[in-house]
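Inside the fold
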Amino acid sequence: MSGASLPDATRGVSRRGLLGLAGAGLAGLGLGVAGDRATIAATGGTGTASASSYPFYAGHQAGIVTPAQDRLHFASFDLTPGTSRAELIELLRDWTLAAAAMTAGRDIGEFGAVDGPYGAPPEDTGEAQGLDPAGLTITFGFGPTLFETADGTDRFGLAAQRPAELVHLPHFPGDMLKEGQSGGDLCIQACANDPQVAVHAVRNLSRIAFGRAAIRWSQLGFGRTSSTSTSQATPRNLFGFKDGTANIKAEEPAAVNDQVWVQPGDGPAWLAGGSYLVTRRIRMTIETWDRTILREQEAIIGRSKGEGAPLSGGSEFTEPDFTKTGEDAAPLIDRAAHVRLAHPTRNGGHRLLRRGYNFVDGNDELGRLDAGLFFISFQRSPEQFSAVQLSLARNDALNEYTRHVGSALFAVPPGAREGAYIGQALFT
Amino acid sequence: MRARLALPTAACSAVLLALTGCVANGGGTDATHASLTVDSSATECAVSAAEAPAGTVRFRVTNSGDKVTEFYLLADDGLKIVGEAENIGPGLSRDLVVELEPGKYFTACKPGMTGDGVGKAAFTVTESGAAGEIDADLAARIDTANSGYAAYVRDVVAELATGTDAFAAAYVAGDDDLARSLYAPTRAHWERVETIAESFGDLDPKLDLREADLEEGQEWTGWHAIEKDLWRAEAEAGFQAYDAGKRAHLAGLLVADTQTLKGKVADLSFTLSQQTNGAIGLLEEVASGKVTGEEEFWSHTDLWDFQANVDGAKVLYAGVRDILVEKDPKLARQLDTEFGALQALLDEHRVDDGFALYTELSGADIRALADQVNALGEPLNRLTATLVIS
């Protein structure tokens, strides 16, 4: 044998020579919740809960119960007209390999960003060189139109596999949805603790898709608005309030199984172990909000702005008491308060795993910040979201300061095992 | 020739496809390859191994000397260049990636880029079952492609010169309707060979500069200066129509500069990489100027230019397609498909002998065209590296 060195089993080109500690240590661990929880444990529960890498191949897709990273790049894609079923499968295969490389902190392709032929464009776009994996997770989803277009065309022979619940969300009172910021055949949620790493992921996956799928809309998020682990501090949304206090946390495996993961028997077998992903682009009229007196701000939310405690008393994690009254026998938590209307006891016990991000996309023509919340939730059934959103859309005092301008629903397949591609059970 | 630059798609021979799930488009195609280092110093050309298994081989050449250096991989005659990495500055590294068949080769470095080089050493590629079969006799076909393209350029520029004469005459005579009707069809000849015209330094700005590209104080001449005058209803308020003297001046320059171009292309010849890069360049023209509607700011005849750029790229591709089919049939199939899809989209906008105006296209029409330009651009940009040994 010659002295030429052949790369080892770890494919792709490492950006920093070493894999992230947690990722390397977890390579052989079990699947799903166990894997994600082990990842959290591996970071020692220091409060930041940001492992440097999460394994892509797992029983459930990462980026759901994974401790919410600080940055988001979300992209919705439409399949290009004429794309065949075989080409769709090839795209998912290509995306899977690239996602596995990038989440491990490696360049995509055989040669990566700078080591390829001098006369060809580099395979990897290169802006993530020298950066660690930054906790990158890449989560893929399938929209209703992948299975059947609006006019009933079954482009990929998937209509029979379509879950009954994977239909367009109902119209909610006050919806001002824009077609170009809603829907899509496929989606990619890239979350990381470094914005450049998240953007690099979506940019390269988009490039891989050229000719097969093209971006329909995309959204950058600069700050997480919920925590998905008890090890994380509760962040704030652009209203200045803590958001996601009562979120489903990775440390509640029973709730995660009951409320987040699609269970065998819920619908088509290919989706068992997956979830449903809802996105809502919620524009906030923050200039008006900022002129609202503090008493009213707190009354609208139903929590104190500083501590985040329910107005019925206690501290942030005290359960709100909706029956408690003050002067004039008026409830301490207003009847139209956000926390009351969103509470599971008001919504048939339905809970959501929220994973939204703050966004500011420049400003509008009136000089107002184009700002708001890019809401993301994962749930076992879209009905959970619809129940909560209907309750909010009808009565929520917050509606005066928000406009829902984008909406999408995706079925999130379970994770892929190494050697398989994401969503493979749908096609076989 | 028994070697070629390898790319992921190129490396996706049937064998690799089966072994590694190697796929198109570069995404996550992580087949393995042999990797060697070369240390090019003032006196040595130290390769980390004297042999490698057949298939894709990467030489990472580091210049540890203080002169600009080159690294050569030579065929068993010690003369024919199989692959080279050129212009490596002191302290820099560059990769040479080649696909090699079993056989005897030589490696050598040339610090200072003159003389016989240093450190010439035998290099052996062993059997591995990985390498594809590359046909010899490429030189003749490359020659054919070259001469075919040179003739095409001459023909197109001759038609451009003839058309320009008629257009200029109508413009000077004040027959604006005729001039407007000749504008887009005549410019199509220019756009077919735009990358060639652009290679002649100052001719391109004289003939094809857009108003937005002008420098302070620069005289604006060429097609677009006349375009604005012919479509003055589209110009900004207060735009003064040109007088007869300015018309004659601009028309005269247009004709004269086009004649100069005709003279310059009379005895051109093209290397293979000039041809493949020409096709890539023409599609980049489409992506940056035509699909955005920026090229024909007043006449809005961007789709004529779009079609002409694509026609030029198709001619270049057709010239090398036979060679590509042997080297990388999958890439050839992909390019056939994507060229066909782009043409089908353009055909949807045909009106009589020409096209719809850019301003008549819907947002969805433009988006579909842009998506297809991306779809063609990614595989097309791999053409040079797949065909040409650098």
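Predicted model, so just to flag it, every value in this text is computed and none were measured. (Residues numbered from 1 in each chain as written. Chains lettered and ligands numbered in written order. Predicted model: local features only at pLDDT ≥ 70, side-chain atom pairs only at ≥ 80, totals over all residues. Heavy atoms only, no water.)

When helices and strands are counted, chain B shows twelve helices and twelve strands. Looking at chain B as a whole, 53% of its 390 residues are labelled buried. (Helix = DSSP H or I, 4+ residues; strand = E, 2+ residues; numbered from the N terminus. Buried < 20%, exposed > 50% of the residue type's maximum accessible area, 1.4 Å probe, protein only.)

Attention now goes to the overall build of chain A. Per the secondary structure count, chain A includes eleven helices and twelve strands. Buried residues in chain A amount to 57% of all 428 residues. When the accessible surface of chain A is split by element, carbon and sulfur atoms take 53% of a total near 16,600 Å². (Areas by Shrake-Rupley, 256 points an atom, 1.4 Å probe, with all protein chains shown as cover.)

On to the pattern of salt bridges, then. Under the defined criterion, the tally for this structure stands at 47 salt bridges over all chains. Here Arg-280 of chain A makes a salt bridge to Asp-175 of chain A, at a shortest N to O gap of 2.7 Å. Note that Arg-280 of chain A is positioned in strand β8 (residues 275-284) and Asp-175 of chain A in the loop between α4 (144-147) and β5 (186-192), a separation of 105 residues in sequence. Take Arg-280 of chain A: its relative accessible area is 1%, and that puts it in the buried class. Residue classification places Asp-175 of chain A among the buried positions, given a relative accessible area of 11%. Here the salt bridges do not stand alone but share partners, grouping Arg-187, Glu-191, Glu-194, Asp-208, Arg-210, Asp-213, Lys-290, Glu-295, Glu-296 and Asp-305 of chain B into one network. (Salt bridge = Lys/Arg side-chain N within 4 Å of Asp/Glu carboxyl O.)

What follows concerns the packing of aromatic side chains. Taken as a whole and judged by the stated rule, the model has 30 aromatic pairs over all chains. Taken together, a centroid distance of 6.1 Å and an interplanar angle of 70° make the contact between Phe-241 of chain A and Trp-289 of chain A edge-to-face. Here the residue Phe-241 of chain A occupies a position in the loop between β7 (223-224) and α6 (253-259), and Trp-289 of chain A occupies one in helix α7 (residues 286-290), the gap between them amounting to 48 residues. For the residue pair Phe-241 of chain A and Trp-289 of chain A, the accessibility class agrees, reading buried in each case. When the ring centre of Phe-106 of chain B is taken as reference, the NZ or CZ atom of Lys-120 of chain B above it lies at 5.3 Å. Above the face of the Tyr-242 of chain B ring, Lys-246 of chain B is positioned so that its terminal group lies 4.2 Å from the ring centre. (Phe/Tyr/Trp six-rings, centres within 6.5 Å; stacked < 30°, edge-to-face > 60°. Lys NZ or Arg CZ within 6 Å of the ring centre and 35° of its normal.)

Right, let's talk about a nonpolar patch on the surface for a bit. Residue and element names in this part refer to chain A. A surface patch of nonpolar side chains, amounting to about 220 Å² of accessible area, comprises Phe-222, Val-360 and Leu-369. Among the structural elements, Leu-369 can be located in strand β11 (residues 369-379). The exposure class assigned to Leu-369 is partly exposed, which follows from its relative accessible area of 37%. (Patch = residues over 30% accessible without salt bridge, like charges linked within 9 Å, V, L, I, M, F, W, Y side chains within 5 Å.)

Turning next to the UniProt feature "domain: Dyp-type peroxidase N-terminal" (unreviewed entry) in chain A. Sites flagged by UniProt as "domain: Dyp-type peroxidase N-terminal" (unreviewed entry) map to residues 61-222 of chain A. Summarising residues 61-222 of chain A: 23% helix, 20% strand, and an end-to-end C-alpha distance of 22 Å. (UniProt positions renumbered as here; feature names shortened; annotations may be inferred.)

Below, the discussion takes up the side chain of Asp-364 of chain A. Its location among the elements puts Asp-364 of chain A in the loop between β10 (357-363) and β11. Of the polar contacts made by the side chain of Asp-364 of chain A, one reaches the side chain of Arg-283 of chain A; its length is 2.9 Å. (Polar contact = N/O pair within 3.5 Å; in protein donor to acceptor, adjacent residues only side chain to side chain.)

Right, let's get into the state of the cysteines. Scanning the entire structure with this criterion turns up one disulfide over all chains. Two residues, Cys-45 of chain B and Cys-109 of chain B, share a disulfide whose sulfurs are 2.0 Å apart. Note on the Cys-45 of chain B and Cys-109 of chain B pair: the S-S dihedral is about 60°, so by sign convention the disulfide is right-handed. Placement of Cys-45 of chain B in strand β3 (residues 45-47) and of Cys-109 of chain B in strand β9 (residues 103-109) is noted, with a sequence separation of 64 residues between them. For the pair Cys-45 of chain B and Cys-109 of chain B, a shared accessibility class is recorded, and that class is buried. Unpaired in terms of disulfides, Cys-187 of chain A finds its nearest cysteine sulfur in Cys-191 of chain A, a separation of 11 Å. Classification of Cys-191 of chain A by relative accessible area gives buried; the value is 0%. (Disulfide = S-S within 2.5 Å.)

All names here are of chain A. Residue placement: Phe-74 occurs in strand β2 (residues 71-79). As a C-alpha pair, Phe-74 and Thr-139 span 65 residues in sequence and 9.5 Å in three-dimensional space. Those residues in contact with Phe-74 that sit more than four places away from it in its chain are Cys-187, Ile-188, Gln-189, Trp-217, Ser-218, Gln-219, Leu-277, Thr-279, Phe-374, Ile-376 and Phe-410. (Contact = heavy atoms within 4.5 Å.)

Turning our eyes to something else, we now look at helix α2 (residues 138-172) of chain B. Counted at 1.5 Å a residue, the expected span for α2 of chain B with its 35 residues is 51 Å, and the 50 Å between its end C-alpha atoms agrees. Phi for Gly-174 of chain B, located one or two positions after α2 of chain B, is positive at around 80°. (Expected span 1.5 Å × (residues − 1).)

Let's shift gears to the packing of helix α6 (residues 223-230) of chain B against helix α7 (residues 244-264) of chain B. Two quantities define a packed helix pair, namely the angle between the axes and the distance from one axis to the other. Residues and elements named next belong to chain B. Across the interface, α6 lies against α7 with an axial gap of 10 Å and an inter-helix angle of 145°. Note on packing geometry: the crossing formed by α6 with α7 is left-handed. Of the residues in α7, those in contact with Trp-223, Ala-225, Ile-226 and Asp-229 of α6 are Arg-247, Leu-250, Ala-251 and Leu-254. Here the residues of the contact of α6 with α7 sort into six nonpolar, no polar and two charged. (Axes fitted to C-alpha atoms, helices over the stretch in contact; angles between N-to-C directions. Left-handed = near helix turned anticlockwise from the far one by under 90°. Nonpolar A, V, L, I, M, F, W, Y, C, P; charged D, E, K, R; others polar.)

All names here are of chain A. With 89% of its residues at a pLDDT of at least 70, chain A reaches an overall mean of 89. Under a pLDDT of 50 for its full length, residues 1-11 has, in the predicted model, 26 contacts with residues more than four places off or in other chains. In the predicted structure, residues 17-49 sits below a pLDDT of 50 and forms 51 contacts with residues beyond four places in sequence or in another chain. (pLDDT = per-residue confidence, 0-100.)

Residue and element names in this part refer to chain B. When pLDDT is averaged along chain B, the result is 87, and 89% of the positions lie at 70 or above. Scored below 50 in pLDDT, residues 1-31 shows 99 contacts in the model against residues more than four places distant or in partner chains. Under a pLDDT of 50 for its full length, residues 131-135 has, in the predicted model, 16 contacts with residues more than four places off or in other chains. For this predicted complex, the interface confidence reaches an ipTM of 0.77, while the overall pTM sits at 0.84.

Attention now moves to the pairing of β10 of chain A. Residues and elements named next belong to chain A. Examined bridge by bridge, β7 and β10 share two bridges and lie antiparallel to one another. In the sheet register, Gly-223 faces β10, and the bridge partner there is Asn-358. Bridge count between β10 and β11: five bridges; the pairing is antiparallel. Within β11, the residue paired with Asn-358 across the bridge is Leu-373. Counted along the chain from β10 to the antiparallel partner β11, the turn is five residues long, and its residue Gly-367 has a positive phi close to 80°. (Pairing = 2+ DSSP bridges.)

The positions that UniProt labels "domain: Dyp-type peroxidase C-terminal" (unreviewed entry) are, in the present scheme, residues 234-416 of chain A. Helix and strand shares over residues 234-416 of chain A are 21% and 22% respectively, and the end C-alpha atoms of the span are 31 Å apart.

Turning next to the nonpolar core. In this structure, Leu-261 and Phe-306 of chain B are the most contacted members of the largest nonpolar core, which totals 75 residues. When neighbours within four sequence positions are excluded, Phe-306 of chain B is seen to be in contact with Val-286, Lys-290, Val-291, Leu-342, Leu-346, Leu-369 and Val-373 of chain B. (Core = buried A, V, L, I, M, F, W, Y, C linked by side-chain atoms within 4.5 Å.)

This part takes up unusual backbone geometry. All names here are of chain A. Although it is not a glycine, Ala-134 adopts a positive phi angle of roughly 55°. Relative to the elements of secondary structure, Ala-134 occurs in the loop between β3 (106-107) and β4 (137-142). Under the relative-accessibility criterion, Ala-134 is labelled buried at 9%. Non-glycine residue Asp-328 carries a positive phi angle of around 60°. Locating Asp-328 in the fold gives a position in the loop between α8 (294-301) and α9 (338-341). Taking relative accessible area as the criterion, Asp-328 reaches 74% and is therefore assigned exposed.

For the rest of this paragraph, the subject is the sheet that holds strand β10 (residues 118-126) of chain B. Pairing between the strands of a sheet comes from backbone hydrogen bonds, and it takes one of two forms, parallel or antiparallel. Residues and elements named next belong to chain B. One open sheet holds the five strands; their spatial order is β4-β10-β9-β6-β7, and the pairing between them is mixed. Bordering the open sheet on either side are β4 (51-53) and β7 (81-88), each of which pairs with just one other strand. Each adjacent strand pair in this sheet contributes to an overall mean axis angle of 20°, direction not counted. Pairing of β9 with β10 involves six bridges; the strand directions are antiparallel. Paired with Gly-103 across the two strands is Val-125, which belongs to β10.

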